[in-house]
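Letter by letter, the chains look like this.
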Amino acid sequence: MRNRIAGTLLWLPDPRPSPKGPVAVHTLYRSTQRVLAAKNRWDLEMMIDTVPRVVAEQTAVSATAEPTLFSAAALAAVRAMPGFALAADRIIDGRLGLNYRDPARHRLFADRGKLMIAFYALYLNARPNETGCRLTASRLEATCVEHGFSGRVRVRTMIQLMLHAGYLEIDPEPADGRFKPLLPTARLADYHLEYWTQVLGALAGLRPDLAASLQHLERPSFRNALCVVVGDAYPASPTFARRPDRLAGIGELDSGWLIMLRLASARRGGVPGPSANALSRQCGVSRSHVANVLRLAGETGLIDREGTAKAFQASAALVDRVEAFCAETLVLFADAVPRALALEAA
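Residues numbered from 1 in each chain as written. Predicted model: local features only at pLDDT ≥ 70, side-chain atom pairs only at ≥ 80, totals over all residues. Heavy atoms only, no water.

Trainee: Got a minute to help me understand the overall build of the chain in this structure?
Mentor: Check the secondary structure of the chain and you find 17 helices and 4 strands. Considering the chain as a whole, with its 346 residues, one finds that 52% of them fall into the buried category. Put simply, of all contacts in the chain between residues at least 6 apart along the chain, 73% involve residues at least 24 apart. With an accessible surface of roughly 15,500 Å², the chain has 57% of that area assigned to carbon and sulfur atoms. (Helix = DSSP H or I, 4+ residues; strand = E, 2+ residues; numbered from the N terminus. Buried < 20%, exposed > 50% of the residue type's maximum accessible area, 1.4 Å probe, protein only. Contact = heavy atoms within 4.5 Å. Areas by Shrake-Rupley, 256 points an atom, 1.4 Å probe, with all protein chains shown as cover.)

This is the structure in structure tokens:
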């Protein structure tokens, strides 16, 4: 029944961007959320327990291709570098800033699964298959399911959302009439460019030899090559592998990863953690949803409540996981930049 109802919401007439912009996106998003979102504790905990298992299985398969890229030694070496704390701050602030500056955009890319769907839309457009086919709905579905980022119904929902929001458009002149290609718009490319600029700026502080990578980003050919290299390597990242704290599942909840980043940022900065009401306003979600996310995080030791106050504080375990994410991001892009330059020149 859930999929049947969802199907009526996914295939809307006239999938062109609405002149109302974010209003139409917000309405469509809320409609699909009523059908697809977890509604109670049981649904939330089922999601929390299921997502890490799927991701861990995919990670175990992907990691065999790149056994040393995310090795413990490589990650420890990055975290031991003198400028790592500043680099991590820049990555965390960059991710948070992307969402805070544009609430409508945040509602569209509010969890890890949606971010991966948006990124792999760019990736598939830059990496045609053996027949020359680039981004299509079926290719995006297959890729996200293969890597465990999302299910097919959710990918179709995101495609419709991105079409209405102006992040994707239908190719008006397909080379092959048998396919219905999709095209990423400048809006989607600029979203990722903004984040990559923050990451490469952080990386330049640790690796002066890679400082020129910021200038390379000005070239569309380099951005496409970087997208391909990062997309090939990303599934091996251990960030969301199955662990007892269930961070992978929390990252799949609406604004779950952003809430965890916000709490970790506060503790790293030595300031009091935000209240649930503040997190609700910043992330654009209900107070009850924030309470569910915080409760699930608290049950596994990711956060602590600050005495009898209403503020919450990230635990040392959560800070460690967030810093590990930053280290993995830096290792990924440090490896990707020279590979992208070689691919661009080929």
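Trainee: Whenever I open this one, helix α5 (residues 84–100) confuses me. Can you help?
Mentor: Because each turn of an α-helix spans 3.6 residues, side chains separated by three or four positions end up pointing in the same direction. Over its 17 residues, α5 runs 24 Å from end to end, which matches the ideal 24 Å to within 8%, given 1.5 Å per residue. Among all positions of α5, only Phe84, Ala87, Ala88, Ile91, Ile92, Gly94, Arg95, Leu96, Gly97, Leu98 and Asn99 are buried. Residues of α5 that are buried sit in contact with α4 (72–79), α6 (103–108), α7 (112–126), α10 (186–206), α14 (256–268) and α17 (316–345). (Expected span 1.5 Å × (residues − 1).)

Trainee: Which parts of the structure should I look at to understand the packing of α14 against helix α15 (residues 276–283)?
Mentor: Each pair of packed helices gets described by two things: the angle between the helix axes and the distance between those axes. The geometry of α14 relative to α15 is characterised by a closest axis approach of 11 Å and an angle of 125 degrees between their N-to-C directions. As judged from the angle between their axes, α14 and α15 are oblique. When you trace α14 past α15, the crossing you get is right-handed. Mapping the contact onto sequence places Leu258, Ile259, Arg262 and Leu263 in α14 and Leu279, Gln282 and Cys283 in α15. Residue composition of the contact of α14 with α15, grouped by class: 5 nonpolar, 1 polar and 1 charged. (Axes fitted to C-alpha atoms, helices over the stretch in contact; angles between N-to-C directions. Parallel < 35°, antiparallel > 145°, perpendicular 65-115°, else oblique. Left-handed = near helix turned anticlockwise from the far one by under 90°. Nonpolar A, V, L, I, M, F, W, Y, C, P; charged D, E, K, R; others polar.)

Trainee: What should I look at first to understand the pattern of salt bridges in this one?
Mentor: Counted under the stated rule, the structure contains 18 salt bridges. Of the charged contacts, one joins Arg219 and Glu344 as a salt bridge, the two residues approaching to 2.7 Å between their closest N and O atoms. Taken as a pair, Arg219 in the loop between α11 (213–216) and α12 (220–233) and Glu344 in helix α17 lie far apart in primary sequence, 125 residues in all. Residues joined in a network through salt bridges with shared partners are Arg79, Asp89, Arg268, Asp320 and Glu323. (Salt bridge = Lys/Arg side-chain N within 4 Å of Asp/Glu carboxyl O.)

Trainee: What is the right way to look at helix α16 (residues 287–299) in this model?
Mentor: With 13 residues, α16 extends 18 Å between its outermost C-alpha atoms, agreeing within 8% with the 18 Å of an ideal straight helix rising 1.5 Å per residue. Those residues of α16 not exposed but buried are His289, Val290, Val293, Leu294, Leu296 and Ala297. The buried residues of α16 occupy an angular sector of 160 degrees when the element is viewed end-on, so they sit on one face. Of the residues trailing α16, Gly301 is marked for its positive phi of about 80 degrees. (Arc of directions from axis to C-beta.)

Trainee: Quick question: what am I supposed to make of the environment of Ala278 here?
Mentor: Within the secondary structure, Ala278 sits in helix α15. By relative accessible area, which is 12% here, Ala278 ends up buried. For the pair Ala278 and Val290, spaced 12 residues apart in sequence, the C-alpha separation works out to 9.8 Å.

Trainee: It is not clear to me how the nonpolar core should be interpreted in this structure. Could you clarify?
Mentor: Across soluble globular proteins, nonpolar side chains show a tendency to be buried alongside one another. Ranked by internal contacts, the top residues of the largest apolar core, which has 94 residues, are Phe109, Leu140, Met260, Leu263 and Leu318. For this core, the element with the most residues is α17, which contributes 14 residues. Apart from residues lying up to four places away in sequence, Phe109 is in contact with Asn99, Lys114, Leu115, Ala118, Met158, Met162, Tyr167, Leu188 and Tyr191. (Core = buried A, V, L, I, M, F, W, Y, C linked by side-chain atoms within 4.5 Å.)

Trainee: Teacher, can you tell me more about the confidence of the model for the chain here?
Mentor: For residues with low pLDDT, the predicted coordinates do not support detailed interpretation. When pLDDT is averaged along the chain, the result is 80, and 76% of the positions lie at 70 or above. For the stretch residues 1–66, pLDDT sits under 50, and the model shows 103 contacts to residues farther than four places along the chain or on other chains. (pLDDT = per-residue confidence, 0-100.)

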